[in-house]
Amino acid sequence: QVQLVESGGGLVQPGGSLRVSCAASGSIFSINHMGWYRQAPGKQRELVATITSGGSTNYADSVKGRFSISRENAKNTVYLQMNRLKPEDTAVYYCNAAIKTTGSSSSWNYWGQGTQVTVSS
């Protein structure tokens, strides 16, 4: 069984910074891509950023130049550093990872429970 646990969300003023983390645990053999998605009230879940096991990154246009995704493979952890936050960044942020468990021949997509990020003065 695999779990993704996010932490680090909260309330921040516009223009501020916040870092969220996501740690994967369980019977993990390998992790391919990891990423962050977000869902604002009344909107569909959208991609924020992804990172491959080799460190290649991809960002939504709305966060390019403000957000930075990174990972520590030894800790099975992915981070999202969010700078110059805007009210429209307010959402529940979800961690996602493609994980191959011990004894499995395939990778499966796993999701965290989400962490709330609120940008407001």
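Structure's up top.
Please read these numbers as outputs of a predicted model, since none were measured by experiment.

1. Considering the overall build of the protein
- Looking only at helices and strands, the protein has zero helices and eleven strands in total.
- Each helix and strand of the protein, ordered N terminal to C terminal, gives the series β-β-β-β-β-β-β-β-β-β-β.
- The C-alpha radius of gyration of the protein comes to 14 Å, within 12% of the 14 Å expected for a compact globule of 121 residues.
- With 121 residues in all, the protein has 40% of them scored as buried.
- Within the structure as shown, the protein displays about 6400 Å² of accessible surface, and the carbon and sulfur contribution to it stands at 46%.
- Between the mean site of the 11 positive side-chain charges and the mean site of the 6 negative ones, the protein shows a separation of 4 Å.

2. Comments concerning the pairing of strand E9 (residues 91-101)
- Within E9, nine of the eleven residues are buried, which leaves the element mostly enclosed by the surrounding structure.
- As judged from the nine bridges shared by strand E4 (residues 28-39) and E9, these two strands associate in the antiparallel manner. Opposite Ser30, over in E9, you have Lys100 as the bridge partner.
- In this structure, E9 lies alongside strand E10 (residues 107-111), joined through five bridges in antiparallel fashion. Each bridged residue has a counterpart across the sheet, and for Asn96 the counterpart in E10 is Trp111.
- Here E9 folds back onto E10 in antiparallel fashion, the turn holding five residues, of which Gly103 has a positive phi close to 90°.

3. Quick look at the nonpolar core
- Judged by nonpolar contacts, the single largest core of 30 residues is most densely connected at Trp36, Leu80, Met82 and Tyr93.
- Of all the elements in the fold, those that place two or more residues in this core are strand E1 (2-7), strand E3 (18-26), E4, strand E5 (46-51), strand E7 (67-72), strand E8 (77-82), E9 and strand E11 (115-119).
- With five residues, E9 is the largest single contributor of residues to this core.
- In contact with Leu80, other than residues within four places in its own chain, are Leu18, Arg19, Val20, Trp36, Val48, Ala49, Phe67, Ser68, Ile69 and Tyr93.

4. As for the environment of Thr101
- For Thr101, the location among the structural elements is in strand E9.
- Not counting the four nearest positions on each side in its chain, Thr101 is found in contact with Val2, Ser27, Ile28, Phe29 and Tyr110.

5. A closer look at the environment of Ser62
- Its place among the elements puts Ser62 in the loop between strand E6 (57-59) and E7.
- In this structure the C-alpha to C-alpha distance between Ser62 and Gly35, which are 27 residues apart in sequence, comes to 16 Å.
- Only 3.4 Å separates the side chain of Ser62 from the side chain of Arg38, close enough to count as a polar contact.

6. A closer look at the side chain of Thr77
- Within the secondary structure layout, Thr77 lies in strand E8.
- Note on Thr77: relative accessible area 8%, which makes it buried.
- In this structure the side chain of Thr77 is engaged in a polar contact, spanning 2.8 Å, whose partner is the backbone oxygen of Lys75.
- Excluding its chain neighbours within four sequence positions, the residues that come into contact with Thr77 are Cys22, Ala23, Met34, Ser70, Arg71 and Glu72.

What counts and what doesn't
- The residue count restarts for each chain, going from 1 along the sequence in the order it is written.
- Thresholds applied to this predicted model are a pLDDT of at least 70 for local features of residues and 80 or more for the giving and counting of side-chain atom pairs; totals over whole chains, interfaces and linings are not thresholded and use all residues.
- The side-chain values count all of the structure's non-hydrogen atoms but skip hydrogen atoms and water molecules.
- Working definition: helices are DSSP H or I runs of at least four residues, strands are E runs of at least two. Numbering for both runs from the N terminus.
- In this description the radius of gyration comes from C-alpha coordinates, and the expected globular size is given by 2.2 Å times residues to the power 0.38.
- We call a residue buried when its accessible area falls under 20% of the maximum for its residue type, exposed when it is over 50%, and partly exposed in between, using a 1.4 Å probe and counting protein chains only.
- A 1.4 Å probe and the Shrake-Rupley method give the accessible areas. Residues count as covered only by the protein chains that appear here.
- Only four residue types enter the tally: Lys and Arg on the positive side, Asp and Glu on the negative side; His and the chain ends are excluded.
- Working definition for charges: the position is that of NZ of Lys, CZ of Arg, CG of Asp or CD of Glu.
- We treat two strands as partners when DSSP finds at least two bridges between them.
- Residues enter a nonpolar core if they are buried and are Ala, Val, Leu, Ile, Met, Phe, Trp, Tyr or Cys, with the set joined through side-chain atoms within 4.5 Å.
- Contact between two residues is taken to exist if any of their heavy atoms lie within 4.5 Å; hydrogens are not considered.
- Any pair of N or O atoms that falls within 3.5 Å is considered a polar contact. Within protein, one atom must be able to donate a hydrogen and the other to accept it, and sequence-neighbouring residues count only if both atoms are side-chain atoms.

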